[in-house]
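The lines below spell out each chain.
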Amino acid sequence: MPAATTPLVEWAKLTAPELNAMAAAGATVLLPVASTEQHGPHLGTGVDTTLCGTVCRIAAEKAADRRPTVVAPTLWVGMAEHHMAHGGTFTLDIPTYRAVLLCLIRSLARHGFKRVLIVNGHGGNMTALNAFLPDLERETGLVVAATTYFELAQPAFAPLLEDQTSVLHACEAETAMMMAVAPEAVRENKLSEAMGPHFGDPRAVLAPPAQRFRSFATLTPSGVLGDARKATRAKGEKLLAAATDALADLIVRGEPWE
């Protein structure tokens, strides 16, 4: 019996006629949005973009036989002003970020797609995305939902991590997943330096009830939150499986749209 073939879900590898057919069949579009920013002394700056795109692709492959899904190219820049002081970072301002997302989703609408799930891979994008959702729906006529993949998978992540319960930054979780997905972007000789403050509840520090802007340089000289020394490739593979299972389940359920 021949082995099952992996479904082709990546927009960039599909032809225009194939994408038109997927739109006509009611396919859901995943729009990965991420960032290019510092990730400490041991990780390349493309962590969020690499991980978010990979999670979306694998999740779409897992869901494809139950709900047709296509994964748009990952938006590699977002809201990252808080990382600028460390270098290696690109950032947008709020009007530009909103305009870029609106243009991308309008393009999908013009091709006949009806449902979009924005899948976020960068904590700094979360507040802006939530604020944009009403405008994105109203101005495009599409049904637009948003999720952050590591928040979606947090209940499954927690038992896999040693001293944190969710993704921090350049931490045990992100480092482990990069070891599994893109080991060439991990500087293992720098892992001994890859540690920083550890917050039991990161929201209490990063999103307190009364807020003001804080650069990551005031929180962590290394650019790391957490302890990346605890990362392993085996742990990263388990985290990746948990993230893709959680996202595939959401796609199949269709709860944000139905």
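Placed above this text is the structure.
Residues numbered from 1 in each chain as written. Predicted model: local features only at pLDDT ≥ 70, side-chain atom pairs only at ≥ 80, totals over all residues. Heavy atoms only, no water.

Concerning the pairing of strand β3 (residues 115–120)
Here comes step 1: The element β3 is extensively covered by neighbouring structure, given that six of its six residues are classed as buried.
Here comes step 2: Both faces of β3 are covered, namely the face carrying Arg115, Leu117 and Val119 and the face carrying Val116, Ile118 and Asn120.
Here comes step 3: Of the pairings in the sheet, the one linking strand β1 (residues 28–33) to β3 comprises six bridges and is parallel in character. If you follow Pro32 over to β3, its bridge partner there is Val119.
Here comes step 4: As paired elements, β3 and strand β4 (residues 143–148) share six bridges and run parallel to each other. When the bridges of β4 are listed, Val119 appears paired with Thr147.
Here comes step 5: Crossover β3 to β4 through helix α4 (residues 126–140) is right-handed. (Buried < 20%, exposed > 50% of the residue type's maximum accessible area, 1.4 Å probe, protein only. Helix = DSSP H or I, 4+ residues; strand = E, 2+ residues; numbered from the N terminus. Pairing = 2+ DSSP bridges. Right-handed = clockwise from strand over helix to strand, strands pointing away.)

Concerning the packing of helix α2 (residues 47–63) against helix α9 (residues 233–253)
Here comes step 1: Interaxial distance between α2 and α9 falls to 8 Å at its minimum, and their mutual angle equals 55 degrees. In terms of orientation, α2 and α9 fall into the oblique class. By crossing handedness, the relation of α2 to α9 is classed as right-handed. Seen from α2, the contacting residues are Thr54, Val55, Cys56, Ile58, Ala59, Ala60, Lys62 and Ala63; seen from α9, they are Leu240, Ala241, Ala243, Thr244, Asp245, Leu247, Ala248, Ile251 and Val252.
Here comes step 2: Per-class residue counts for the contact of α2 with α9 are 13 nonpolar, two polar and two charged. (Axes fitted to C-alpha atoms, helices over the stretch in contact; angles between N-to-C directions. Parallel < 35°, antiparallel > 145°, perpendicular 65-115°, else oblique. Left-handed = near helix turned anticlockwise from the far one by under 90°. Contact = heavy atoms within 4.5 Å. Nonpolar A, V, L, I, M, F, W, Y, C, P; charged D, E, K, R; others polar.)

Details of helix α3 (residues 94–110)
Here comes step 1: In this model, α3 (17 residues) spans 24 Å end to end at C-alpha, consistent with the 24 Å of a helix rising 1.5 Å per residue.
Here comes step 2: Buried within α3 are the following residues: Tyr97, Leu101, Leu102, Ile105 and Leu108. Angular distribution of buried residues about the axis of α3 spans 125 degrees; they occupy a single face of the element. Exposed residues pointing more than 90 degrees away from the buried face of α3 are listed as Pro95 and Arg110.
Here comes step 3: Elements that come into contact with the buried residues of α3 comprise β1, β3, α4 and β4.
Here comes step 4: Phi for Gly112, located one or two positions after α3, is positive at around 100 degrees. (Expected span 1.5 Å × (residues − 1). Arc of directions from axis to C-beta.)

Here's the deal with the environment of Glu61
Here comes step 1: The residue Glu61 is located in helix α2 in this model.
Here comes step 2: Counting along the chain gives 54 residues from Glu61 to Pro7, while the straight-line C-alpha distance between them is 5.9 Å.
Here comes step 3: Aside from chain neighbours lying at most four places away, what touches Glu61 is Thr6, Pro7 and Val9.

Regarding the pairing of β1
Here comes step 1: When you tally the buried positions in β1, you get six out of six residues, the bulk of the element.
Here comes step 2: In this view, the connection linking β1 to its parallel neighbour strand β2 (residues 69–71) by way of α2 has right-handed handedness.

Remarks on unusual backbone geometry
Here comes step 1: Here Ala170, not a glycine, exhibits a phi torsion of approximately 55 degrees, which is positive.
Here comes step 2: Along the polypeptide, Ala170 turns up in the loop between α6 (154–157) and α7 (172–181).

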